[in-house]
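# Notes for the structure review
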Amino acid sequence: MVNWTDEQRKSPLYKYYEKEISPVPPELFQQIMTGTFDDSEVLLFEEKDRLFDDGYLPGEFGVFRLPGGGYSVANKTDMPGVTPEMFDWWFAWHGLDPMRYTIWDKEDHYYCKTRNPEIARNEKLSMKERYWHTTHDVKESMMEGAPVAELVLHFLPPEEMGFDKEKLAAFDGTIVCTPGMVHFLRPTEQGSELRTRFWFDNPDIPFDETAARALLVHNVKEYTHLAKILPELYAEFKDQF
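Report follows, based on the coordinates. (Residues numbered from 1 in each chain as written. Predicted model: local features only at pLDDT ≥ 70, side-chain atom pairs only at ≥ 80, totals over all residues. Heavy atoms only, no water.)

Turning next to the overall build of the chain. A count of helices and strands for the chain gives 8 helices and 8 strands. In terms of C-alpha radius of gyration, the chain reaches 17 Å, essentially the compact-globule figure of 18 Å for 241 residues. Its C-alpha atoms put the chain at 50 × 40 × 40 Å along the principal axes. Across the 241 residues in the chain, those meeting the buried criterion constitute 48%. When the accessible surface of the chain is summed, it comes to about 11,900 Å², and 50% of that surface belongs to carbon and sulfur atoms. Here the chain carries 26 positive and 43 negative side-chain charges, and the mean point of each set is 5 Å from the other. (Helix = DSSP H or I, 4+ residues; strand = E, 2+ residues; numbered from the N terminus. Rg over C-alpha atoms; globule rule 2.2 N^0.38 Å. Buried < 20%, exposed > 50% of the residue type's maximum accessible area, 1.4 Å probe, protein only. Areas by Shrake-Rupley, 256 points an atom, 1.4 Å probe, with all protein chains shown as cover. Lys, Arg positive; Asp, Glu negative; His and termini not counted. Charge placed at Lys NZ, Arg CZ, Asp CG, Glu CD.)

A word on the pairing of strand β1 (residues 62-65). Sheet topology note: the β1/strand β2 (residues 71-80) ladder contains 4 bridges and is antiparallel. Looking at β2, one finds that Val-63 is bridged to Val-73. Hairpin connection between β1 and β2: a loop of 5 residues separates the two successive antiparallel strands, and Gly-69 in this loop has a positive phi of roughly 105 degrees. (Pairing = 2+ DSSP bridges.)

Among the nonpolar cores identified, the biggest contains 34 residues, and Phe-87, Trp-90, Phe-91, Leu-226 and Leu-233 are the most heavily contacted of them. Those elements that provide at least two residues to this core are α2 (14-17), α4 (84-93), α5 (98-102) and α8 (209-237). Considering each element in turn, this core owes the most residues, 8 residues, to α8. Residues in contact with Leu-226, not counting those within four places in the same chain, are Met-79, Phe-87, Trp-90 and Trp-104. (Core = buried A, V, L, I, M, F, W, Y, C linked by side-chain atoms within 4.5 Å. Contact = heavy atoms within 4.5 Å.)

In structure tokens, the structure reads:
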């Protein structure tokens, strides 16, 4: 939890901090932390263009061992009322003020700040371009009470991650990505659905099965809550950079 100043408590953002954030349901938490997932269902990084296919892939949810070592994490989140435009706006907007990151997951998010505010505020750019080639410094924990991790996220255009250019041109959703992470958002009749993939296959970066399972718990929690608050946030702050 964050100790807010009196000024921050007067911010129009503060009411979002006060919103209840739902814990991961106990049965789902148990499944994530102790369940068995079929490693043959893993989507390899070089297969990521399969996300463009209609329907669903075998391993849409779980923690999977990669054939060459390391782990992949997959999650799918329904986001009713959320549009791809809102999702792109969120990644351009929230890195400008750490309070914006904290209201996303008040129990686990402590800090986020872009190193490139001039890009995020450049009205000549599309909303996607306002987070592409930016770097965010992040402090968060995977679960409440867990140690705080300090992360550096470099956001890239999806074609620089190797997504097929023709498929991208025909895609009516959006893809937010950093090296080793893809948030693939596609429209549905109710709004959007988010299909997330992480790949941890660098032997120089320690990342074990317990960490992978904790990341999935965290991802379920934060994106379930973002789906809940994003339409309202966008309506109120979409022009306030």
